[in-house]
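# Structural overview
What follows is each chain in one-letter form.
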Amino acid sequence: MREEFSLTKYIGVDLGTANTLVYCKGKGIVLKEPSVVAVESESGRVLAVGREAKNMIGRTPDEVMVIRPMKGGVIADFDVTQAMLKAFIERSCPGGVMRPHVTICVPFGVTEVERRAVLEAVMRSGGKNAYVIEEPMAAALGAELPVSEATGSMVVDIGGGTCEVAVVSFGGIVASTSIRYAGDKMDADIAEYVKNIYNLMIGERTAEDIKISIGTAHPSCEEKSISVMGRDLASGLPRLLTITSSEVRGAIAGTISKVIGAVRDTLENTPPELAADIVSRGIVLTGGGAKLPGLDLLIQEKTGIDVTVSENAEDCVAVGAGMALSVLADRSQNGARKQKRGLFGRK
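Residues numbered from 1 in each chain as written. Predicted model: local features only at pLDDT ≥ 70, side-chain atom pairs only at ≥ 80, totals over all residues. Heavy atoms only, no water.

The name an unreviewed UniProt entry gives the protein chain is Cell shape-determining protein MreB, with Congzhengia minquanensis as the organism. One UniProt comment on the protein chain, placed under Sequence similarities (unreviewed entry), says "Belongs to the FtsA/MreB family." Regarding the protein chain, the UniProt comment filed under Function (unreviewed entry) reads as follows: "Forms membrane-associated dynamic filaments that are essential for cell shape determination. Acts by regulating cell wall synthesis and cell elongation, and thus cell shape. A feedback loop between cell geometry and MreB localization may maintain elongated cell shape by targeting cell wall growth to regions of negative cell wall curvature." (UniProt positions renumbered as here; feature names shortened; annotations may be inferred.)

This is the structure we're talking about:
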């Protein structure tokens, strides 16, 4: 085991609904690509993976399907996920003869079937060994929270498919809430708003661009506007629309409310001693959704607890997965064979 780790690369993978990130120790984030695959409809042959495939959304003939194989943080299409992972692992370890050891993240509370599907996908995609770690724990590690100490830390990881809220202490998750209301749901909210209010159909990429460009969660944020093109549902012709930040804020308010509800539910299930630690230390936001302007201010208002956005919030889960595997490798090199309970999922 000691020799294997010294000769073989080990990587951490954040297999997200919207994006997949790969972390290598000593190199940092070596890959950040959309979790999208373009395949030939009849043969199933993979035509493009990642950013190239995402650019094809809404622009392909019937013979080509553009698929997002992850839904709600878990595998929805096993074969396509396997092909995507294989491509990403090869890109992350170019020219390598050795198969890498891989730690991959799963949402907290996934079923045993979903967990095994992720492990099998990694092994079939070129991994030598595969380990799973819950996303909230990986996020806390990546955000450099003191997860191994007997003190409470709260992390809110807002990805594309899920929002994971957890209180971690002494190497384990003490209280957690996982909801499937996150970045993708906000995109859907925006598209639905534009359809209902303006009778205009826009695609998921346009909705995402609106969210990234002018989306806000708090009224104090700067008011902006953006012009987008869509299809008029009455005439069927293209039409230009200008939409404002306040409109977007109203459109995504329901999803934001679900996130805040998950935070409050987790706090209610936290032991009093750890709750006191959280009030003292504050709440840390990670994930791509954490970058939504004003979200930290809104959560702070609703909970009365200080909220900060982690530096490089989008990278935290992948970095934490890589750090966790680094711990395993270091223990192996020192002759230790036991995994720390609470840090890793089952192999």
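Before going further, it helps to examine the side chain of Asn129. Take Asn129: it is sitting in strand β10 (residues 129–134). Asn129 sits in the buried class, given a relative accessible area of 12%. A polar contact is formed between the side chain of Asn129 and the side chain of His101, at a distance of 3.1 Å. (Helix = DSSP H or I, 4+ residues; strand = E, 2+ residues; numbered from the N terminus. Buried < 20%, exposed > 50% of the residue type's maximum accessible area, 1.4 Å probe, protein only. Polar contact = N/O pair within 3.5 Å; in protein donor to acceptor, adjacent residues only side chain to side chain.)

By the criterion of burial, strand β2 (residues 19–24) is predominantly enclosed, with five of the six residues buried. Here five bridges tie strand β1 (residues 10–15) to β2, and the two strands are oriented antiparallel to one another. By the bridge assignment for β2, Val13 is matched with Val22. Hairpin connection between β1 and β2: a loop of three residues separates the two successive antiparallel strands. In this sheet, strand β3 (residues 28–34) lies alongside β2 in antiparallel orientation, the contact comprising six bridges. Directly across from Cys24, in β3, lies its bridge partner Gly28. What sits between the antiparallel neighbours β2 and β3 is a turn of three residues, in which Gly26 has the positive phi angle 90 degrees. (Pairing = 2+ DSSP bridges.)

The next thing to look at is the pattern of salt bridges. By the definition in use, this model includes 15 salt bridges. Here Glu33 ties to Arg91 by a salt bridge, and the two come within 3.6 Å at their closest N and O atoms. With Glu33 in strand β3 and Arg91 in helix α3 (residues 78–92), the pair connects residues that are 58 residues apart, well separated along the chain. Here Glu120 ties to Arg124 by a salt bridge, and the two come within 2.6 Å at their closest N and O atoms. Highlighted residues: Glu120 and Arg124, both in helix α4 (residues 112–124), separated by four residues, approximately one helical turn. With a relative accessible area of 34%, Glu120 lands in the partly exposed category. According to the relative accessible area criterion, Arg124 is partly exposed, its value standing at 48%. Here the salt bridges share partners, and the residues they tie into one network are Glu33, Arg51 and Arg91. (Salt bridge = Lys/Arg side-chain N within 4 Å of Asp/Glu carboxyl O.)

The subject of this paragraph is the sheet that holds β2. If you trace the five strands from one edge of the open sheet to the other, you get β3-β2-β1-β9-β10, paired in mixed fashion. In the strand order of this sheet, the two ends are held by β3 and β10, each with one partner. Each strand axis lies, on average, 20 degrees off the axis of its neighbour in the sheet, ignoring direction. Inspection of the sheet shows strand β9 (residues 101–106) paired to β10 by six bridges, in the parallel sense. Looking at the pairing, Val102 lines up with Ala130 of β10. Packed on one face of the sheet, α4 meets β9 and β10 and runs near 145 degrees to β10. (Axes fitted to C-alpha atoms, helices over the stretch in contact; angles between N-to-C directions. Contact = heavy atoms within 4.5 Å.)

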